[in-house]
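Topology and contacts: notes
The primary structure of each chain is shown beneath.
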Amino acid sequence: MEMVLALLVSGIVVLLVVLGLFVFGLRRRLIQRSGGTFDCSLRWNVPEDDPEPLGKGWVYGVARYNGDRIEWFRVFSYAPRPRRILERASIEVQARRTPQGEEELALLSDAVVLSCLHRGTHLELAMSEDALTGFLAWLEAAPPGQRVNVA
């Protein structure tokens, strides 16, 4: 009897793990379904006087273009809605750099870091060089009359 109970509990645990992984995959597929997505790590509310980044605060995510905004989703989340929304007209790119120190371990190997200002909040986005090219082109393709600030 104890053996049957142990097998049943083990089976339920395995089933829940498989179901959880399936839901992660399904969510990512639904986010990417409309196209225009790219891998993008985010560090929100970065101190202005951060002389040497320690690799802390980075969250791995997927960004999706949606009209005049970017919707940013955490990868390791079940939430169907974006965690952050960045409006094109409010994004000001201040600097571009390569990952430094421990950031190299926290970010994808080919990442480029953009320091930005969005509605008074300092943030950093880390993405591949290809994604960066697309992001900067998207920023500069703002409709007439909108200001674009790209350093």
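Residues numbered from 1 in each chain as written. Predicted model: local features only at pLDDT ≥ 70, side-chain atom pairs only at ≥ 80, totals over all residues. Heavy atoms only, no water.

Description of the overall build of the chain
Counting secondary structure elements, the chain contains three helices and nine strands. The linear arrangement of helices and strands in the chain, starting from the amino end, is α-β-β-β-β-β-β-α-β-β-α-β. The buried share of the chain, taken over its 151 residues, is 35%. Long-range contacts, defined here as pairs at least 24 residues apart, represent 52% of the contacts in the chain between residues at least 6 apart. Accessible surface, the chain as shown: approximately 9500 Å² in total, 58% of it carbon and sulfur. (Helix = DSSP H or I, 4+ residues; strand = E, 2+ residues; numbered from the N terminus. Buried < 20%, exposed > 50% of the residue type's maximum accessible area, 1.4 Å probe, protein only. Contact = heavy atoms within 4.5 Å. Areas by Shrake-Rupley, 256 points an atom, 1.4 Å probe, with all protein chains shown as cover.)

Things to note about the sheet that holds strand 4 (residues 69–74)
The four strands are arranged 1-3-4-5 in an open sheet whose pairing can be described as antiparallel. Each edge of the open sheet carries a strand with a single partner, namely strand 1 (37–39) and strand 5 (84–87). Mean inter-strand twist for the sheet, computed between neighbouring axes without regard to direction, equals 25°. On the sheet, helix 3 (residues 129–140) packs against strand 1, strand 3 (61–66), strand 4 and strand 5 and is oriented at approximately 35° with respect to strand 3. (Pairing = 2+ DSSP bridges. Axes fitted to C-alpha atoms, helices over the stretch in contact; angles between N-to-C directions.)

Things to note about the confidence of the model for the chain
Per-residue pLDDT for the chain has a mean of 85; in total, 87% of the residues score no lower than 70. The least confident element of the chain, judged by mean pLDDT, is strand 9 (residues 149–150) at 61; the most confident is strand 5 at 96. (pLDDT = per-residue confidence, 0-100.)

Thoughts on the state of the cysteines
Throughout the structure, instances matching the rule amount to zero disulfides. Cysteine Cys40 is unpaired, with the sulfur of Cys116 as its nearest cysteine sulfur at 8.9 Å. Owing to a relative accessible area of 2%, Cys116 belongs among the buried residues under this scheme. (Disulfide = S-S within 2.5 Å.)

Things to note about the side chain of His122
Relative to the assigned elements, His122 resides in strand 8 (residues 121–127). With a relative accessible area of 18%, His122 lands in the buried category. In contact with His122, other than residues within four places in its own chain, are Arg43, Trp44, Asn45, Val46, Glu48, Gln94, Cys116 and Leu117.

Brief notes about unusual backbone geometry
Despite not being glycine, Asn45 has its phi angle at roughly 60°, a positive value. Checked against the element boundaries, Asn45 lands in the loop between strand 2 (41–44) and strand 3. For Asn45, a relative accessible area of 56% puts it in the exposed group. Even without being a glycine, Arg119 presents a positive backbone phi close to 55°. Residue position: Arg119 is located in the loop between strand 7 (112–118) and strand 8. Here Arg119 falls in the exposed class, since its relative accessible area comes to 60%.

Considering the pairing of strand 8
Counting buried positions along strand 8 gives seven out of seven residues, so the element sits mostly inside the fold. By the alternation rule, side chains of strand 8 split into Thr121, Leu123, Leu125 and Met127 and His122, Glu124 and Ala126, which are all buried. Two elements, strand 2 and strand 8, share four bridges in a ladder whose sense is antiparallel. Bridge pairing links Trp44 to Leu123 in strand 8. Judged from the seven bridges that link them, strand 7 and strand 8 form a sheet pairing that is antiparallel. Counterpart to Val112 in the pairing with strand 8 is Met127. Joining the antiparallel neighbours strand 7 and strand 8 is a turn of two residues, in which Arg119 adopts a positive phi near 55°.

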